[in-house]
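Chain and residue survey
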Amino acid sequence: QVQLVESGGGLVQAGGSLRLSCAASGRAFSRRAMGWFRQAPGKERELVAGISWSGAVIWYADSMKGRVTISRDNAKNTVYLQMNSLKPEDTDVYYCAAKYSDYDVVVREFDYWGQGTQVTVSS
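The residue numbering used here restarts from 1 in each chain and proceeds along that chain's sequence as written. Only residues with pLDDT of 70 or above have their local features reported here, since the model is predicted, and side-chain atom pairs are shown and tallied only from 80 upward, although totals for entire chains, interfaces and linings are computed over all residues. Working from all heavy atoms in the structure, the side-chain values ignore hydrogens and water.

**Concerning the pairing of strand β7 (residues 68-73)**
Exposure classes here rest on a 1.4 Å probe applied to the protein chains alone. A residue is buried below 20% of its type maximum, exposed above 50%, and partly exposed in between. Secondary structure follows DSSP: runs of H or I at least 4 residues long count as helices, runs of E at least 2 residues long count as strands, and numbering of each begins at the N terminus. Only one face of β7 is covered, namely the one carrying V68, I70 and R72; the face carrying T69, S71 and D73 has none of its residues buried. Taken together, the 6 bridges between β7 and strand β8 (residues 78-83) define a ladder with antiparallel strand orientation. Residue pairing for β8: I70 is matched across the bridge by L81. Here β7 folds back onto β8 in antiparallel fashion, the turn holding 4 residues, of which N77 has a positive phi close to 55°. The rule for pairing is simple: two strands pair if DSSP sees at least two bridges between them.

Laid out in structure tokens, this is it:
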């Protein structure tokens, strides 16, 4: 019903910036809360940022607050994660996630996941 495809990952030096994109297919994108997660080998998946369907409500994890910005363009069925001042510890696979919501709120649990995009930050 919903497919998510991430892009924009790659290799960047510490202090650099990267913008991740998540293109969604399927109906009712404008009623889906979206989120970005990251996961390193041997570690649990961490919610980095969440956004409500209109973008009116946004949430950031303390680990990246001030360095990332989540946004969405419902006309393009796309959500973005702008990352700045990247650190080597930000090296992870980043995943896009979606969840239908009856209300314009951020959510913590998600039903649909992308394949992930690798972000590597060198020192």
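**With respect to the sheet that holds β7**
The 4 strands lie next to each other as β1-β3-β8-β7, forming an open sheet whose pairing is antiparallel. At either margin of the open sheet sits one strand with a lone partner, and together these are β1 (3-7) and β7. Sheet twist, expressed as the average angle between the axes of neighbouring strands with direction ignored, equals 15°. Axis lines are fitted to C-alpha atoms, over the contacting stretch for helices. Their N-to-C directions set the angle, which ranges from 0 to 180 degrees.

**Section: the pairing of strand β9 (residues 92-100)**
As paired strands, strand β4 (residues 32-39) and β9 are joined by 8 bridges and run antiparallel to one another. Within β9, the position partnered with A33 by the bridge is K99. Here β9 runs beside strand β11 (residues 117-122); their pairing, made up of 3 bridges, is antiparallel. By the bridge assignment for β11, Y94 is matched with T117. Relative to strand β10 (residues 112-113), β9 runs antiparallel, the two sharing 2 bridges. Pairing of A98 across the sheet is with Y112, part of β10.

**Comments concerning the environment of Y80**
In this structure, Y80 sits in strand β8. Residue Y80 is classed as buried on the basis of its relative accessible area of 14%. Sequence-wise, Y80 and S21 are 59 residues apart; in three dimensions their C-alpha atoms are separated by 4.6 Å. Sequence-distant contacts of Y80, that is, excluding residues within four places in its chain, are made with R19, L20, S21, W36, T69, I70, S71 and D73. Pairs of residues are marked as contacts when any of their non-hydrogen atoms sit within 4.5 Å.

**Things to note about the nonpolar core**
If you look at the biggest cluster of nonpolar residues, it comprises 26 residues, and the most contacted ones within it are M34, W36, L81 and M83. Counting residues per element, the ones that place at least two in this core are β3 (18-25), β4, β5 (46-51), β7, β8, β9 and β11. Counting residues per element, this core draws most heavily on β3, at 4 residues. Once you skip the residues sitting within four places of it in the chain, M83 turns out to touch G16, S17, L18, L20, M64, R67, V68, Y94 and V119. Residues A33, A97, V107 and F110 belong to the second largest nonpolar core, which totals 7 residues. Note on terminology: a nonpolar core comprises buried Ala, Val, Leu, Ile, Met, Phe, Trp, Tyr and Cys residues joined through side-chain atoms within 4.5 Å.

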